[in-house]
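Close look at the chain arrangement
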Amino acid sequence: MTPITACGAAKLLSAIFDEDEGEVKRYLGLPVLPPPYRCLDCGKRIHNKIGRCQSCFSRSKRLDVACSWCGQFRKRLASEIIRRVSQDGYEHFFCDQKCVGQWHRKHDWGMIWQAHLQTAYGARQLSQLLGIPRATISHILAKMRETERVAIGARMR
Ligand SMILES: [Zn+2]
Ligand SMILES: [Zn+2]
């Protein structure tokens, strides 16, 4: 019978138990070269101690992104930015739900008001045009008129 070396045994055991050869070697207390580090994100084998493979490492970087509502900069994962812009076609980032809400309200109101000014449509026609409930549009137009009056009043003073 041919003698089996320790390393040969590790190879054999790894085949029998369908285990990573490095894992078996470590279990047997044998030197493992190169160390079987694995990427924290994708599990790919890597030969460094950064914790991530090259592509995951660059994705794990954080970038400063401004909030679309208040303009404050926040650190965001590069992977999150890539995912949201490429998959969801999303171009806006916010601090939290409060900023999202305020931006949405302002954004939609401004859009509805602009449509009103450009088309001179009333709430009923705008409702059909934009597919937004008539009551919502009536409310927004009324509020916007109020705001406009206040603004004009302030200018005249
Ligand atoms: Zn990876
Ligand atoms: Zn914000």
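Conventions used here
Residues numbered from 1 in each chain as written. Chains lettered and ligands numbered in written order. Predicted model: local features only at pLDDT ≥ 70, side-chain atom pairs only at ≥ 80, totals over all residues. Helix = DSSP H or I, 4+ residues; strand = E, 2+ residues; numbered from the N terminus. Buried ≥ 20, exposed ≤ 12 C-beta atoms within 10 Å, placed from the backbone. Core = buried A, V, L, I, M, F, W, Y, C linked by C-beta atoms within 7 Å. Contact = placed C-beta atoms within 7 Å. pLDDT = per-residue confidence, 0-100. Pairing = 2+ DSSP bridges. Axes fitted to C-alpha atoms, helices over the stretch in contact; angles between N-to-C directions. Left-handed = near helix turned anticlockwise from the far one by under 90°. Nonpolar A, V, L, I, M, F, W, Y, C, P; charged D, E, K, R; others polar.

Moving on: unusual backbone geometry. Excluding glycine, residues mostly carry a negative phi; peptide bonds, for their part, are mostly trans. One non-glycine residue, Ala120, adopts positive backbone phi at about 60°. Take Ala120: it is sitting in the loop between α5 (97–119) and α6 (123–130). Taking the number of C-beta atoms within 10 Å as the measure of exposure, Ala120 has 8 and is therefore exposed.

All right, on to the nonpolar core then. Residues Ile112, Ala123, Leu126, Ile137 and Ile140 constitute the largest nonpolar core, which totals five residues. Listed by contribution, the elements that provide at least two residues to this core are α6 and α7 (134–156). What Leu126 contacts, discounting residues up to four positions off in sequence, is Ile112, Ala115, His116, Tyr121 and Ile137.

All right, on to the environment of Lys49 then. For Lys49, the location among the structural elements is in the loop between β2 (45–46) and α3 (54–59). The exposure class assigned to Lys49 is exposed, which follows from the 7 C-beta atoms found within 10 Å. As a C-alpha pair, Lys49 and Arg38 span 11 residues in sequence and 8.9 Å in three-dimensional space.

Let's shift gears to the confidence of the model for the protein. For the protein, the mean per-residue pLDDT works out to 79, and 80% of the residues sit at or above 70. Taken element by element, the predicted model of the protein shows its lowest mean pLDDT in helix α1 (residues 6–16) (67) and its highest in strand β4 (residues 73–77) (91).

Checked against the element boundaries, Met144 lands in helix α7. Sequence separation between Met144 and Gly110 is 34 residues; the distance between their C-alpha atoms is 8.6 Å. Residues in contact with Met144, not counting those within four places in the same chain, are Trp109 and Trp113.

Our next topic: the pairing of β4. Pairing of strand β3 (residues 62–66) with β4 involves five bridges; the strand directions are antiparallel. In the sheet register, Arg62 faces β4, and the bridge partner there is Leu77. Counted along the chain from β3 to the antiparallel partner β4, the turn is six residues long, and its residue Gly71 has a positive phi close to 80°.

Geometrically, a packed helix pair is captured by the angle between its two axes and the distance between the axes. One way to put it is that α5 packs onto α6 with a least axis distance of 11 Å and a crossing angle of 115°. Regarding α5 and α6, the two cross each other, and that crossing is right-handed. Together, Ile112, Ala115 and His116 of α5 and Leu126, Leu129 and Leu130 of α6 make up the contact between the two elements. Here the residues of the contact of α5 with α6 sort into five nonpolar, one polar and no charged.

Turning next to the environment of Gly43. Positionally, Gly43 belongs in the loop between β1 (37–38) and β2. When the C-alpha positions of Gly43 and Cys53 are compared, they lie 8.6 Å apart, and in sequence the two are 10 residues distant.

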